[in-house]
Amino acid sequence: MENLDAARLQMAFTLIFHIVFACVGMVMPFFMITSHYKWLKTRKKIYLTLTKSWQKGVAIFFVTGAVSGTALSFELGLLWPEFMKHAGPIIGMPFSLEGAAFFVEAIALGFYLYGWNKIPEKFHWITGVIVGISGVLSGILVVAANGWMNAPSGFDYVDGVFSNIDPVKAMLNKAWFTQALHMTLAAFASTGFAVAGIHAYQILRGRQMDVHQAAFKIAISFGAIAALLQPLSGDLSAKDIAERQPVKLAAMEAHYNTEKGAPLYIGGIVNNETQEVKYKVEIPKALSFLAFGDFDAEVKGLNDFPEDERPNVAIVHYAFQVMVSLGGIMAMASIVFFLAYFKKQSWWQKNWFWWGFTLLAPVGYIALEAGWIVTEVGRQPWIIHGIMRTKDAVTPVPGIVVSFYMYVVLYVLLTVAVAWLMNRQIKALNQSQLMA
């Protein structure tokens, strides 16, 4: 395995794991403080039990996210030294601010975990709010740095030299808002459905019904709202990509030829050699409208770009189709939840309702991973879009394949540890008596 392949695989592998840990760490505090708020307002014991159970999950994923995120930060310097040499001074600001947000989150989490019956109740709850807000800010700041890789700004680039650096302009690049919005909603949708699915399964098994139903309602409320808002965010992202990265849009839709009134493809199998998409469902002129708001707008095809500047069309197209399809399923399930909540209370007594949400538990994270594949693979062959190629940024030091295998072991061990800890927490919740 060559260095470039090993480096890309290592980065992809670690991001696949870290993104889940990070999203849970971002979103779970909001479930926790919602339950805590309900405890303060109603003094119902189920909410105190649930809050104290969820706070342990928040602590677990805070530590796991810290470990996996720290490993990723070392990877940037280890694998992509040429990138960091030039990009470091430009996008150092969001990383520095992310470190500050993480520091605030750590302090607030300490107050929250050890503040029970030691500090005023309202202040104790506010520290939990700070944990949640700091986590979301951390995610937004990291995504802003990734957005810069897709929409580089805040510098002049002449004859291979970066000059006139403006870190604020680089951080607030043209891609940061749409990417941050899409990623934040994806985090809430995926984590909401995952947590709701875990509690739905416990309901099916008849364990601590009151606690698990309360937990389900809180988690799925966040997840369902985010899932219903996500298509609007996706529309903003698609229009932004159509303007800034038309080759990525062409790969997402597997469109090879430039045309006006371009159709939208649903599904299909890509044949890059013949430049065909077989077995697709075609919606006339829909892509032109979705990308530009005009049914007759011209959409650039892949053939308008040099072959060495095109991403892997099949991977990007399939990942995009997976993301959109699963996102659509989650949106429909969200409507079912709200109908059940407001209109069809009898559905809560049906096994099919709980089985449905149980089976949907992993769907959000699969869609999330697919979306990141679209973002990262769709940018290739560039590590800084239009400025620096990935192959030119990789380390010349041999033996990166060894590092890749070491990181595989590390992240597998982290995943096993987290799975064991969370399973133990669920068992403890099921065996606990409601707290007085």
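We now turn to the structure provided with this report. (Residues numbered from 1 in each chain as written. Predicted model: local features only at pLDDT ≥ 70, side-chain atom pairs only at ≥ 80, totals over all residues. Heavy atoms only, no water.)

## A closer look at the pairing of strand E5 (residues 276-283)
Then comes step 1: Pairing geometry for strand E4 (residues 264-271) and E5, over seven bridges, is antiparallel. Looking across to E5, one finds that Tyr265 is bridged to Glu282.
Then comes step 2: The hairpin turn running from E4 into E5, its antiparallel successor, is four residues long, and Gln275 in that turn takes a positive phi close to 55°. (Pairing = 2+ DSSP bridges. Helix = DSSP H or I, 4+ residues; strand = E, 2+ residues; numbered from the N terminus.)

## Description of the side chain of Asn3
Then comes step 1: Along the chain, Asn3 turns up in helix H1 (residues 3-42).
Then comes step 2: Excluding residues that lie within four positions of it along the chain, Asn3 makes contacts with Val394, Thr395, Pro396, Val397, Pro398, Gly399 and Ile400. (Contact = heavy atoms within 4.5 Å.)

## Observations concerning the packing of aromatic side chains
Between two aromatic rings, the relevant description is the distance of the centres plus the angle of the planes.
Then comes step 1: Evaluation of the coordinates by the stated rule reveals 29 aromatic pairs.
Then comes step 2: Residues Phe13 and Phe17 carry aromatic rings whose centres are separated by 4.8 Å and whose planes lie at 45° to one another, so their mutual orientation is tilted. Residue Phe13 and its partner Phe17 are located together in helix H1, separated by four residues, close to a single helical turn.
Then comes step 3: Here Phe155 and Phe162 contribute two aromatic rings whose centre-to-centre distance is 5.1 Å and whose plane-to-plane angle is 45°, an arrangement assigned as tilted.
Then comes step 4: When its relative accessible area of 14% is taken as the criterion, Phe155 is described as buried.
Then comes step 5: Through successive ring pairs, a cluster of aromatic residues spans Phe193, Phe216, Phe337, Phe338, Tyr341, Trp352, Phe353, Trp354 and Phe357.
Then comes step 6: One cation-aromatic arrangement involves Arg389 over Trp382; the distance from NZ or CZ to the ring centre is 4.6 Å. (Phe/Tyr/Trp six-rings, centres within 6.5 Å; stacked < 30°, edge-to-face > 60°. Buried < 20%, exposed > 50% of the residue type's maximum accessible area, 1.4 Å probe, protein only. Lys NZ or Arg CZ within 6 Å of the ring centre and 35° of its normal.)

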